[in-house]
Amino acid sequence: MNLPTNHKKLIEWVNECAALMTPDAVEWCDGSEAEYQRMAKVALDSGVAIPLKKRPNSLLFRSQPNDVARVENRTYIASKTKDDAGPTNNWIDPVELKTTMKALYKGCMKGRTLYVIPFSMGPIGSDISKIGIELTDSPYVVMNMHIMTRVGTKVLEALGSDGEYIPCLHSVGQPLEEGESDNGLWPCAELDKKYIAHFPEERLIWSFGSGYGGNALLGKKCLALRIASVQARDEGWMAEHMLILKITSPEGVSKYVAAAFPSACGKTNLAMLVPTIPGWKVETVGDDIAWMKFGSDGKLYAINPEAGFFGVAPGTSMDSNPNAMHSVDKDTIFTNVGLTEDGDIWWEGIGYPAPGKLIDWKGNEWEQGKSEGTAAHPNGRFTAKASNCPSIASNWEDPKGVPIDAILFGGRRPSTIPLVHEAESWEHGTFMGSIVGSEITAAALDLKVGSVRRDPMAMLPFCGYNMGDYFHHWINLGQKPGVQLPKVFFVNWFRKMADGRWLWPGFGENSRVLEYIFHRCEGKAKTVDTPIGKIPAKGEISLPKGVSEADMDELLKVDVEGWKKEVADIRANHYPKFGERMPKELWAFLDRLESRLNQA
Ligand code: OXD
Ligand code: MN
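Residues numbered from 1 in each chain as written. Chains lettered and ligands numbered in written order. Predicted model: local features only at pLDDT ≥ 70, side-chain atom pairs only at ≥ 80, totals over all residues. Heavy atoms only, no water.

Undergrad: Before we go on, may I ask you to explain the pairing of strand 12 (residues 242-248) in this structure?
TA: Within a regular strand, side chains alternate between the sheet's two faces. Within strand 12, seven of the seven residues are buried, which leaves it mostly tucked inside the rest of the structure. Here strand 12 pairs with strand 13 (residues 254-260) via seven bridges, running antiparallel. In the strand pairing of strand 13, K246 is matched with Y256. What sits between strand 12 and strand 13 in their antiparallel hairpin is a turn of five residues, with G252 showing a positive phi close to 90°. Sheet topology note: the strand 12/strand 14 (residues 281-286) ladder contains five bridges and is antiparallel. The residue bridging I247 from the neighbouring strand is V282, located in strand 14. (Buried < 20%, exposed > 50% of the residue type's maximum accessible area, 1.4 Å probe, protein only. Helix = DSSP H or I, 4+ residues; strand = E, 2+ residues; numbered from the N terminus. Pairing = 2+ DSSP bridges.)

Structural data, given as structure tokens:
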């Protein structure tokens, strides 16, 4: 066979995997439009995809009810020792896990084609980018990878005959018998056979049994966060769960902000924000992941390793995120949303009532106000090209990256945490990141409603090694000679009054906070020193309609009693988890914060 590469190690690995998984055919992906359309036809012919008359070049997929989201309890960091995976990751001994998974992989691609997807995370040729090769038996994965990454022959060319790549093995785990087809059913394995496995020392990813999102599109959370975070630790850079945005003032000066929020806290909305303040412009560089490296000038440069958005559909509307809505006008893959009679999509929170009878994400007839459940699954998604996003920054693919001026942390915190406060130093910023948390809003996973789930740097499900060491890595980076560190801020758009009233409107009005942060980066806006850090001086943030002076005072108040409880929770329940690996510098910050609060 004429192969598109002479990379011996890669060819051997593909052959080995094919021998184990026994697909009917092996196809090397070239990344072309023709290939995308061929995959679409395979998905349409098997009945798994549905064409959408109302959206050019777009398809709807419906998954099985047991395959609708990332499966954190089936996700493993199989480092050599349990301690290296740390207290926040699931661990299985790598030898044992490989034995279990090899038995599952045996013959698992029977009746299917093995697709070899060469992909680049980041612009090809950037020295921050990395190459991965995903082997999969899912045309849905091939199509999504075409949108989410840079795929094809050009990647093999960049790899050459001995370049480094991260092997990513994936199977939906449902072989087909002779003459059998998927027959309209999304293929996947039972929950207890799903494994999303990472072997960090080997830079290796094995995924089995799920066809959905981050479980199957292995460039995203598996490579760009879990494996990349380990590489970043070893090589002195940062792989973070952060959006990247560009903000330009009326005077035409641009600054770049990276922001980490736990999943489902509105990262995509912030990345695509339409400012309400006249003359300001916000543009999108990335909505989920940032890879950041110090340049020779000492600045921290970030790239978005992805090429598309895998966004949560429900709640996305022309009000909440018009740029996302326009990104999905065409060339989009929708998963687990409602289907209208005239061949369009619909979801809860799309901003208009369901037009007539729908088919819900489970494939059943559904009528608004009459049928049970929701038309779209709460984790229903769109996969859209970044290049179709109206707010995409013209330099979003600059191989050098963009220089980061500020890093933001945040979460859903109805109380205690003010609208914005600023760290006094990089170490203080690391402390802020280490205590990020989000309030539990629904009784789920045995967690207490109203309690805070700590999600340090929003990396809890995505850090590929011991988080105590990850905190050390952050501190160490700040001590590199000659670096110009970004300012660090903690923001909270989600403050409520005791009666449940939202204090801050959020969405486009968040531009007022971004404007303040921009001014801080220019050394302009005035601040007040408080026990928790720097707070904007009165009048530095302009008031949106509906927010009174009294509301703003409340939004920026330091709630001493609330913070004391916060400190007590961190001291008792959060930091001790990391034992000896917890940096003493962060314990010292906690002590300092406590004594300052006691003196307040
Ligand atoms: C995502 C997530 O899908 O963080 O981006 O869960
Ligand atoms: Mn994410």
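Undergrad: Looking at this structure, how should I read the domain arrangement of the protein chain?
TA: Interface size, as often reported, equals the accessible area lost upon joining of the parts. Domain boundaries assigned for the protein chain yield domain 1 (8-30 + 71-235), domain 2 (240-304 + 396-599) and domain 3 (309-388). Its C-alpha centre places domain 2 at a distance of 30 Å from the equivalent point of domain 3. Counting residues at the interface gives eight residues for domain 2 and eight residues for domain 3. When the two sides are added together, the surface that domain 2 and domain 3 hide from each other amounts to roughly 750 Å², 67% of it contributed by carbon and sulfur. It is N269, M272 and W396 that lose the most area in domain 2 upon contact with domain 3, and together they represent 53% of the buried surface on that side. (Domains from an automatic or database assignment. Contact = heavy atoms within 4.5 Å. Buried area = accessible area lost by both parts, 1.4 Å probe.)

Undergrad: It is not clear to me how the pattern of salt bridges should be interpreted in this structure. Could you clarify?
TA: Side-chain pairs of opposite charge can arise whenever the charged atoms involved come near each other. In total, this model carries 45 salt bridges according to the counting rule given. Linking R413 and E566 is a salt bridge whose minimum nitrogen-to-oxygen distance equals 2.8 Å. Highlighted residues: R413 in the loop between strand 25 (406-410) and strand 26 (420-422) and E566 in helix 15 (residues 560-574), separated in sequence by 153 residues. Across this residue pair, the class does not change: R413 and E566 are buried. Two residues, K584 and E585, come together in a salt bridge whose shortest N-O distance is 4.0 Å. A relative accessible area of 64% means that K584 is categorised as exposed. Here the salt bridges do not stand alone but share partners, grouping K220, K221, K267, D288 and E306 into one network. (Salt bridge = Lys/Arg side-chain N within 4 Å of Asp/Glu carboxyl O.)

Undergrad: When you look at the side chain of S249 in this model, what are you seeing that I'm missing?
TA: Relative to the helices and strands, S249 resides in the loop between strand 12 and strand 13. Residues in contact with S249, not counting those within four places in the same chain, are G279, W280 and F518.

Undergrad: For this particular structure, what's the right way to read the side chain of S438?
TA: Inspection of the secondary structure assignment puts S438 in strand 27 (residues 437-439). With a relative accessible area of 11%, S438 lands in the buried category.

Undergrad: Help me understand the packing of helix 11 (residues 426-434) against helix 12 (residues 467-478), please; the structure alone is not making it clear to me.
TA: Helix-helix packing: each pair is described by the crossing angle between the helix axes and the interaxial distance. Direction vectors running N to C along helix 11 and helix 12 enclose 160°, while the axes themselves pass 9 Å from each other. What the angle tells us is that helix 11 and helix 12 run roughly antiparallel. Of the two elements, helix 11 crosses helix 12, and the hand of that crossing is right-handed. Here W426, E427, T430 and S434 of helix 11 lie close against helix 12, whose contacting residues are F471, W474, I475 and G478. Among the residues forming the contact of helix 11 with helix 12, the class breakdown is four nonpolar, three polar and one charged. (Axes fitted to C-alpha atoms, helices over the stretch in contact; angles between N-to-C directions. Parallel < 35°, antiparallel > 145°, perpendicular 65-115°, else oblique. Left-handed = near helix turned anticlockwise from the far one by under 90°. Nonpolar A, V, L, I, M, F, W, Y, C, P; charged D, E, K, R; others polar.)

Undergrad: In this structure, what is going on with the packing of helix 11 against helix 16 (residues 584-599)? I would like to understand it.
TA: Look at helix 11 against helix 16: their axes get within 10 Å of each other, and the N-to-C directions meet at 85°. With respect to helix 16, the axis of helix 11 lies roughly perpendicular. Touching E427, H428, T430, F431 and S434 of helix 11 are E585, L586, F589, L590, R592 and L593, all from helix 16. Per-class residue counts for the contact of helix 11 with helix 16 are five nonpolar, three polar and three charged.

Undergrad: Hey, could you run me through helix 4 (residues 94-105) in this one?
TA: For an α-helix, the turn length of 3.6 residues means that residues three or four places apart are oriented alike. Counted at 1.5 Å a residue, the expected span for helix 4 with its 12 residues is 16 Å, and the 16 Å between its end C-alpha atoms agrees. Looking at the buried positions of helix 4, the neighbouring elements they touch are helix 1 (8-21), strand 4 (75-77), strand 8 (166-171), strand 9 (195-199) and strand 10 (204-208). Where helix 4 starts, the residue carrying a side-chain oxygen 3.1 Å from the main-chain nitrogen of V95 turns out to be D93. Downstream of helix 4 by a residue or two, G107 has a phi angle that is positive, lying close to 70°. (Expected span 1.5 Å × (residues − 1). Polar contact = N/O pair within 3.5 Å; in protein donor to acceptor, adjacent residues only side chain to side chain.)

Undergrad: Help me understand unusual backbone geometry, please; the structure alone is not making it clear to me.
TA: With glycine set apart, most residues show a phi of negative sign, and most peptide bonds adopt trans. Despite not being glycine, R203 shows a phi value in the positive range, around 55°. Within the chain, A264 stands out as a residue other than glycine whose phi angle is a positive 65°. Position of A264 among the secondary structure elements: in the loop between strand 13 and helix 9 (267-271).

Undergrad: Looking at this structure, how should I read the site of ligand 1?
TA: Neighbouring ligand 1 are R70, K221, H241, S263, D288, R381 and F462. Here K221 contributes a side-chain N or O atom positioned 3.0 Å from an oxygen atom of ligand 1. One of the side-chain nitrogen or oxygen atoms of D288 is found 3.2 Å away from an oxygen atom of ligand 1. Burial of ligand 1 by the surrounding chains reaches 87%, relative to a free accessible area of 210 Å². Among the residues forming the shell around ligand 1, the class breakdown is one nonpolar, two polar and four charged. (Near = heavy atom within 4 Å. Areas by Shrake-Rupley, 256 points an atom, 1.4 Å probe, with all protein chains shown as cover.)

Undergrad: So what exactly am I meant to see when it comes to the sheet that holds strand 18 (residues 333-335) here?
TA: In a beta sheet, neighbouring strands are held together by backbone hydrogen bonds and run either parallel or antiparallel to one another. The strand order 2-3-18-23-17 describes an open sheet built from five strands, whose pairing is mixed. Of all strands in the sheet, those with a lone pairing partner are strand 2 (49-51) and strand 17 (308-312), marking the two edges. When strand polarity is set aside, the average angle formed by the axes of neighbouring strands in this sheet is 20°. Two strands pair when backbone bridges link them, and strand 3 (residues 59-61) and strand 18 are joined in this way by three bridges, in the parallel orientation. Paired with F61 across the bridge in strand 18 is T335.

Undergrad: Just to check I follow, could you spell out the packing of aromatic side chains for this structure?
TA: On inspection of all chains with the given rule, the structure shows 23 aromatic pairs. Taking 5.5 Å as the distance between ring centres and 75° as the angle between the ring planes, the aromatic pair formed by F199 and W206 counts as edge-to-face. You can call F199 buried: its relative accessible area is 1%. Judged by its relative accessible area of 9%, W206 is buried. Ring geometry for F494 and W502: centres 6.4 Å apart, planes at 65°, overall edge-to-face. Members of the aromatic cluster, joined through ring pairs, are F61, Y140, W186, Y212 and F310. The ring of F462 is capped by K221, whose NZ or CZ atom sits 4.3 Å from the centre of that ring. (Phe/Tyr/Trp six-rings, centres within 6.5 Å; stacked < 30°, edge-to-face > 60°. Lys NZ or Arg CZ within 6 Å of the ring centre and 35° of its normal.)

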